[in-house]
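# Observations on chain architecture
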Amino acid sequence: MNSRTIAVPVLALAIGAGAATVVLTLANGHTAANSSPTASQRAVGQAPSSTGGTGTADGGMMGAAGGMGGGGSDIARGASGGLVPAARMQALAARAAQGVTKSHGTLSYHTKAVTLVALGAPGNRPGMYWQIDGVDGPKGPTVSVPAGATVTVDFADGDPGHPHGFELTTAAPPYGRMAMGEGSIASPGAFVMPVPPPKGNLWYAATVTFRAPAPGTYHIICPVPGHAQQGMWATLVVR
Ligand SMILES: [Cu+2]
């Protein structure tokens, strides 16, 4: 293939329980380490931690208790191990869509606290795509948020056939196979390690919160090799 194939990023999939330290080495030499979900990634339903994570039991990508322990959020209570009922995620997507202005494929948020529900290929159509707040890609939709917004992403993999993850990247399409190595993570915490495909109607889910980066155009991709290339990307505009 092309020269990019030489600089293959090492993608360590940490799936399952345990306090695994996950190190993601990008092709550009940047390394992102995630030894616990408390810093930037939590199980869906857990409130952002301001205490350095004392409330979280044992680490692991998926979070320990799946939101049962500590959350101020009402998201996905009762989930365990990061598995959330599909219907719950879809209900969250419907709720997130309320108060959002939709115009020409753009979802505009007008509040400083933004919650997106980003679902990986949940089965409405074939192929690799994002569904954000109930609106399907491919190559879309576009989400617009105000400068300075705090963005919470409730992510889940709804695709029976594939693992998916989440990344807000500085790289623009078109993407090659290793899209995750083409740019940088656009804001600290704007990344979810790929999670496994669903178990029946239970979806692996995670929540991350990050500050909107400087005004401009960014893209939401799946970091699994080939997925963004096949259309699994959307656009985030900070205005
Ligand atoms: Cu994917």
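Below or above, wherever it landed, is the structure these notes cover. (Residues numbered from 1 in each chain as written. Predicted model: local features only at pLDDT ≥ 70, side-chain atom pairs only at ≥ 80, totals over all residues. Heavy atoms only, no water.)

The protein atoms that coordinate the copper ion are H164 (ND1), C222 (SG) and H227 (ND1), at distances of 1.9 to 2.1 Å. The sequence pattern describing where the donors of the copper ion fall on their chain is H-x57-C-x4-H. Taken together, the positions of H164 in strand β12 (residues 164–169) and C222 in the loop between β15 (216–221) and β16 (233–238) put the pair 58 residues apart, joining distant regions of the chain. Take H164 and C222: they sit in the same class, and that class is buried. (Donors = N, O, S within 2.8 Å, 3.2 Å for Na, K, Ca; no water. Helix = DSSP H or I, 4+ residues; strand = E, 2+ residues; numbered from the N terminus. Buried < 20%, exposed > 50% of the residue type's maximum accessible area, 1.4 Å probe, protein only.)

Another aspect to go through is helix α1 (residues 86–97). With 12 residues, α1 extends 17 Å between its outermost C-alpha atoms, agreeing within 8% with the 16 Å of an ideal straight helix rising 1.5 Å per residue. When we look at burial in α1, the residues that qualify are A86, M89, L92, A93, A96 and A97. The arc that holds the buried residues of α1, viewed along the axis, is 135 degrees, so those residues lie on one side. Residues of α1 that are buried in the fold lie against β4 (83–85), β5 (101–103), β7 (113–120), β11 (150–157) and β14 (202–211). Looking one or two residues beyond α1, the residue adopting positive phi is G99, at roughly 80 degrees. (Expected span 1.5 Å × (residues − 1). Arc of directions from axis to C-beta. Contact = heavy atoms within 4.5 Å.)

All right, on to the packing of aromatic side chains then. Counting across every chain of the model gives three aromatic pairs. Between the aromatic rings of W130 and F155, the centroid separation amounts to 6.0 Å while the plane-to-plane angle is 70 degrees, which identifies the pairing as edge-to-face. Placement of W130 in strand β8 (residues 130–132) and of F155 in strand β11 is noted, with a sequence separation of 25 residues between them. Taking the centre distance of 5.9 Å and the plane angle of 75 degrees together, the rings of W130 and F166 count as edge-to-face. Of this pair, W130 sits in strand β8 while F166 sits in strand β12, placing them 36 residues apart in sequence. The pair W130 / F166 is uniform in exposure class, with both members buried. Through a chain of ring-to-ring contacts, three or more aromatic side chains come together here, namely W130, F155 and F166. Between the NZ or CZ atom of R125 and the centre of the ring of Y129, over which it lies, the distance is 4.8 Å. (Phe/Tyr/Trp six-rings, centres within 6.5 Å; stacked < 30°, edge-to-face > 60°. Lys NZ or Arg CZ within 6 Å of the ring centre and 35° of its normal.)

This part is about the nonpolar core. Core analysis: the biggest nonpolar cluster contains 46 residues, and M89, W130, V145, V153, F166 and L168 have the highest contact counts within it. Residue contributions to this core peak at six residues, all from β14. A179, I221, A228 and W233 belong to the second-largest nonpolar core, a separate cluster that totals six residues. (Core = buried A, V, L, I, M, F, W, Y, C linked by side-chain atoms within 4.5 Å.)

The subject of this paragraph is the pairing of β11. Summarising burial for β11: seven of the eight residues are buried, a large majority. Where β7 lies against β11, eight bridges are found, and the strand directions are parallel. Considered in β11, the bridge of T115 is made with T152. Pairing geometry for β11 and β14, over seven bridges, is antiparallel. Following the sheet pairing, V153 is matched in β14 by V208. (Pairing = 2+ DSSP bridges.)

This part takes up unusual backbone geometry. The general pattern is negative phi for most residues beyond glycine and trans for most peptide bonds. The peptide bond linking P173 to P174 adopts the cis configuration, its omega dihedral lying at 5 degrees. Mapped onto the fold, P174 is located in the loop between β12 and β13 (191–195).

Time to look at the side chain of D159. In this fold, D159 is placed in the loop between β11 and β12. As a buried residue without a salt bridge, D159 has its nearest oppositely charged side chain in R125, at a separation of 9.4 Å. Contacts of D159, omitting those with residues within four sequence positions, involve G120, A121, H164, P197 and P198. (Lys, Arg positive; Asp, Glu negative; His and termini not counted. Salt bridge = Lys/Arg side-chain N within 4 Å of Asp/Glu carboxyl O.)

What follows concerns the pairing of β13. Here β13 lies mainly inside the structure; five of its five residues are buried. One ladder, built from three bridges, connects β12 with β13; its direction is antiparallel. The residue bridging F166 from the neighbouring strand is V192, located in β13.

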